[in-house]
Amino acid sequence: MIIQDSKILFIILIFGFLTSCNSVKRVPKNAHLLTKTTILVNNNPEEKEAITNLIFQKPNNSIPFINFKTRLYIYNWTRPNLDSILKAKIADNPKQTKRQIKFLSKKQFNQGQKMKLGFNNWLKKTGEAPVIVNDTLSKKTAKRLEDYYWNNGWLDVKTDFETIREDNQRARVTYRVTTGEPYIIDSLTTRIETPIIDSLYQNTSNKSLFKSSIQYRTNDGLAERDRITEMLRNSGVYHFSQDNILFRMDSIEKTKKINVELYISEKPVTKEDTTLYEPFKIYKVKDVNIYTNNSFEDKDIPITNTINYNGYSIYSKEKLRYNAKMLTDAVFIKPKTLFRDKNKTLTSRRISNLKTFKYPKIEYIENTKDTTLTANIYLTPLKRFSLGFSAEASQSNIQTIGFSLNPSILMRNVFKGAETLELSGIASVGASKDGSNESDQFFDINEIGANLRLTIPRLFSPFNTEKIIPSSMFPSTRISLATTSQTNVGLDRQTATGAFNYRWFPNDKVSNRIDLFNIQFVKNLNTGNYFNVYENAFNNLNDVAINSGYLSSGETLTLPTQANQFIEDALNGNVNGISTTDLQNVNSISERKDRLTEDNLILATNFSFTKDRRDNLFDNDFSIFRLRVELAGNVFATTANILGLDKNDNDKYELFNVAFSQYVKTELDYIKYWDLGSKNVIAVRSFFGIAIPYGNSRNIPFLKSFFGGGANDNRAWAAYDLGPGSSESLNEFNEANMKIALSAENRFNLFGALNGALFVDAGNIWNVLDDVDDEASTFNSLSSIKDIAIGSGFGLRYDFNFFILRGDIGFKTYDPAYREGERWLKDYNFANAVYNIGINYPF
């Protein structure tokens, strides 16, 4: 009976959906649904987004590739005037209404009516009303098309439109554009009333956007007006504005050519009802005044302290709490210099970046006796101390539930130079997956840590770096110290880190960062827990012990004593029944165990370069290039050689009883977006990374190695499940010292805030130039490219405006873990797919 009822419900839903799929269901009588718009330019179809976006009316949105108008069909499910329908139904059926109220109660009955109305309104908002053909809007579109082509040089353009209405209440609109021949700029002449303005213009006339023999475009004139205004206002012409510029166009008969005249008027001066004109003058900044406390609550407190420093006047309502050099270094408006409008913007940005003041107020006052200005800069201090606190609940593959607290305190202007000192901490507890054991406490996992970070708004250096990295590049220095301690998490690590780095911005697209010193110390306290964490390695070891006769069938090595003893006996030749292959397996397990349980000491210097061509957060046509180079261990190696330190049994130098790491590491990352229009974007990413050990190291520390898979990498494999190479990925955490990653993704809008994506990911990790000699795991030559794994899939993304919730399903398309000839589409199904949840885009 339940099955039969389900079938009936399914048939009802299908019937309802098919009924809603009648596109003209909500189209009024004698009206027509717009199904297609076409633009023909000189009888050729035009589909560029810049042109199609000029259309006032477009057909209802549809899912790409299948042209299914989902939102229209959802809207067709709605009931117009449902409120009136429900009221009429109640009035026409009083007995039925009375029975329902008696059965449900008055409150539940009213709630049911509200739910019907609410669901109907939700369908209206989610759906999209049918687009009804409107000839008035079609005329406006034709006019807009005409204006577009006229402004781009086709001054003889003609436009019209045709609407084809069909008997089934559907219609198509075709717009026809006849451009004619484009007009070309023949010459550019000038008429500039003020001689000094004429001289300044002539010095930069070679940068004019109006040039002879190019097609006329109105936007070139607007851009040229902006260029001239910016140039003059940064050359001391304080009163100049765009209104003083006029371009006059004169077409030459029958030649399709235009003469352009640039006219720049004198300065308009209004006196009573009369406007007079006088020549523009060059202004200089005479005085610069800095007011350090402009807060509203202190507005009635008089100024009691005045300091003159390098020509600046600094005013304070109390004893000055800021270093005068810091204040003046942040101000790009200099006394006794030419007025430059850009210095106001640079000063505002620099002061805001100090994180000590709110956004400043800057004003110029014209001195009446001469052509000079007084610049007043008003600063409003932020509170010196800020407290922060956050809490988080989480779940992972090692804990069923975890809770963490993150308190922090921020102190501003610590040493009177706008330095900020931030002290933060972390305290977390969690229940491990083994928490069900009676011997384990429920909250048996814990972590505690602290982080101290000092930010200095300049390059903290004994050398003068102003000529190399000036203040206009917004340089800063960061010094940080951190420590954490974990219990019952993996090998129970204790870590201590310290860093000293510089950061600066050569322009608005490029950022640089150099870590002069970045030291990391990692101590594993519970190395005996290794085989509990890396269970696959233990299972392989146990199988070898049984195969060799070291254990009887069904027995298990005890941890950690018997497991470690078996490794020692096997490697020392004390296990007679072990095969050569199994002995190599034990040796690999032992080397990986030693590597992952050893303490790490890393002293590195690295440089990062980023070029981000993105104009804003909504830009979907840009590229990003990142380069990172890191050198580690050279300082320690040089020190060890100078001091004549002895090497340990593994032929390595040690400092503080820990063998330090020595390697060189490089990462290259390139991202490119193409905006195809209509919320359709193609995005690609390519990544290459390699870390080569040398000197005191034969391999790369785990925390500096590469891994494959995961929600932001190859989405057909879970994180750490891919590679290395064509190996069967038997370890829990597969990593290596070389990585290639390639991704391509087509993102498109489904409806509303819901977007879809189709993607292909490719890449893998390999061991190269280290102590791993497994042929399947190493990159030996270009022939190893055949081991690049390929995943493909699709995803849904919901845009919450401030973040994007992402779900992707990745299918293993080409799996190098299988033998050649069996790699394609071996596990291409939902059972073996990887389901990824992420925040924001993967790249």
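Coordinates for the structure precede this section.
In this text the structure is predicted, and so the values were computed from the model without any measurement.

Asker: I keep staring at the overall build of the protein and nothing clicks. Help me out?
Answerer: Assigned secondary structure in the protein consists of 16 helices and 33 strands. Expected size for 843 residues packed as a compact globule is a radius of gyration near 28 Å; at 36 Å, the protein overshoots this value by more than 25%. In terms of overall dimensions, the protein has C-alpha extents of about 110 × 90 × 65 Å along its principal axes. The 843 residues of the protein split such that 41% are buried. Long-range contacts, defined as pairs at least 24 residues apart, comprise 63% of the intrachain contacts of the protein with a sequence gap of at least 6. Within the structure as shown, the protein displays about 47,000 Å² of accessible surface, and the carbon and sulfur contribution to it stands at 54%. The averaged location of the 94 negative side-chain charges in the protein is 10 Å from the averaged location of its 103 positive side-chain charges.

Asker: Please clarify how the environment of Ser678 should be interpreted in this entry.
Answerer: Position of Ser678 among the secondary structure elements: in the loop between β27 (663-677) and β28 (680-693). Note on Ser678: relative accessible area 62%, which makes it exposed. Sequence separation between Ser678 and Ile377 is 301 residues, and the spatial gap between their C-alpha atoms is 45 Å.

Asker: Quick question: what am I supposed to make of the pairing of strand β9 (residues 274-278) here?
Answerer: Consecutive side chains of a regular strand alternate in pointing toward one face of the sheet and then the other. Inspection of the sheet shows strand β8 (residues 267-271) paired to β9 by five bridges, in the antiparallel sense. Of the residues in β9, the one forming a bridge with Val269 is Leu276. Counted along the chain from β8 to the antiparallel partner β9, the turn is two residues long, and its residue Glu272 has a positive phi close to 55°.

Asker: Any chance you could explain the sheet that holds strand β7 (residues 257-264) here in plain terms?
Answerer: Across a sheet, paired strands are connected by hydrogen bonds in the backbone, their directions being either parallel or antiparallel. In spatial order, the strands read β5-β7-β6; together these three strands make up an open sheet with mixed pairing. Bordering the open sheet on either side are β5 (184-192) and β6 (245-252), each of which pairs with just one other strand. Recorded for the sheet is a direction-independent mean angle of 20° between the axes of neighbouring strands. The pairing of β6 with β7 spans eight bridges and is antiparallel. From the neighbouring strand, Arg248 faces β7, where its bridge partner is Glu261. Where helix α8 (residues 195-203) meets the sheet, it contacts β5 and β7, and its direction lies at approximately 145° from that of β5.

Asker: Teacher, can you tell me more about the packing of helix α4 (residues 82-92) against helix α6 (residues 106-126) here?
Answerer: For any two helices packed against each other, one specifies the inter-axial angle together with the distance between the axes. Their axes nearest at 10 Å, the elements α4 and α6 cross at an angle of 150°. Considered as vectors, α4 and α6 are oriented roughly antiparallel to each other. Here α4 runs over α6; the crossing is right-handed. The segment α4 lies against α6, with Leu82, Asp83, Leu86 and Ile90 engaging Phe109, Gln113, Lys116, Leu117 and Asn120. Taken together, the residues of the contact of α4 with α6 sort by class into five nonpolar, two polar and two charged.

Asker: What's the story with empty space enclosed by the protein in this structure? I'm lost.
Answerer: Empty space among the atoms becomes visible once a probe the size of a water molecule is rolled across them. Enumeration over the complete set of coordinates arrives at five cavities of 30 Å³ or more. Taken as a whole, the largest cavity spans an internal volume of roughly 80 Å³. Taken together, Glu598, Asp599, Asn600, Lys652, Ala659, Phe660, Ser661, Asn696, Ser697, Asn699, Ile700 and Pro701 make up the lining of the largest cavity. By residue class, the composition of the lining of the largest cavity is four nonpolar, five polar and three charged. The space that makes up the second largest cavity amounts to roughly 70 Å³. As for the second largest cavity, its lining consists of 13 residues, and the residues nearest its centre are Asp713, Ile740, Ala741, Ala762 and Gly763. Mapped by element, the contributors of at least two residues to the lining of the second largest cavity are β29 (738-751) and β30 (754-766). It is β29 that provides the largest number of residues to the lining of the second largest cavity, a total of five residues.

Asker: Explain the packing of aromatic side chains to me, please; I cannot follow it from the model alone.
Answerer: Geometrically, a pair of aromatic rings is defined through the distance of the ring centres and the angle of the planes. Summed over the entire model, instances satisfying the criterion amount to 37 aromatic pairs. Measuring from centroid to centroid gives 4.9 Å for Phe68 and Tyr73, while their planes differ by 65°, and the two rings are edge-to-face. Given a relative accessible area of 26%, Phe68 falls into the partly exposed group. Exposure remark for Tyr73: the relative accessible area of 10% places this residue in the buried category. Between Tyr322 and Phe357, the aromatic rings sit 4.9 Å apart at their centres with planes inclined by 50°, giving tilted as the arrangement. Residue Tyr322 is found in the loop between β12 (312-316) and α10 (324-329), and its partner Phe357 is found in the loop between α11 (342-353) and β14 (361-366); the two are separated by 35 residues along the sequence.

Asker: How should I be thinking about a negative patch on the surface in this particular structure?
Answerer: Taken together, the side chains of Glu591, Asp594, Asp773, Asp774 and Glu775 make up a negatively charged region of the molecular surface. With respect to the helices and strands, Asp774 occurs in the loop between β30 and β31 (789-799). By relative accessible area, Asp774 is classed as partly exposed at 38%.

Asker: What is the right way to look at unusual backbone geometry in this model?
Answerer: A negative phi angle characterises most non-glycine residues, just as the trans form characterises most peptide bonds. Across the junction of Leu559 and Pro560, the peptide omega takes the value -5°, indicating a cis bond. Structurally, Pro560 can be placed in the loop between α13 (535-547) and α14 (561-571). Within the chain, Lys416 stands out as a residue other than glycine whose phi angle is a positive 70°. Secondary-structure assignment places Lys416 in the loop between β17 (399-412) and β18 (420-432). For Lys416, a relative accessible area of 42% puts it in the partly exposed group. With a phi angle near 50°, Phe474 is a residue other than glycine that sits in the positive phi range. Residue position: Phe474 is located in the loop between β19 (445-456) and β20 (476-487).

Criteria and thresholds
Residues numbered from 1 in each chain as written. Predicted model: local features only at pLDDT ≥ 70, side-chain atom pairs only at ≥ 80, totals over all residues. Heavy atoms only, no water. Helix = DSSP H or I, 4+ residues; strand = E, 2+ residues; numbered from the N terminus. Rg over C-alpha atoms; globule rule 2.2 N^0.38 Å. Buried < 20%, exposed > 50% of the residue type's maximum accessible area, 1.4 Å probe, protein only. Contact = heavy atoms within 4.5 Å. Areas by Shrake-Rupley, 256 points an atom, 1.4 Å probe, with all protein chains shown as cover. Lys, Arg positive; Asp, Glu negative; His and termini not counted. Charge placed at Lys NZ, Arg CZ, Asp CG, Glu CD. Pairing = 2+ DSSP bridges. Axes fitted to C-alpha atoms, helices over the stretch in contact; angles between N-to-C directions. Parallel < 35°, antiparallel > 145°, perpendicular 65-115°, else oblique. Left-handed = near helix turned anticlockwise from the far one by under 90°. Nonpolar A, V, L, I, M, F, W, Y, C, P; charged D, E, K, R; others polar. 1 Å grid on protein atoms, 1.4 Å probe; cavity = no way out; pocket = protein on both sides within 12 Å on 5 of 7 lines; lining within 4 Å. Points joined across faces, edges and corners; volume = space filled by probe spheres on them. Phe/Tyr/Trp six-rings, centres within 6.5 Å; stacked < 30°, edge-to-face > 60°. Patch = residues over 30% accessible without salt bridge, like charges linked within 9 Å, V, L, I, M, F, W, Y side chains within 5 Å. Salt bridge = Lys/Arg side-chain N within 4 Å of Asp/Glu carboxyl O.

By themselves these figures say nothing about function.
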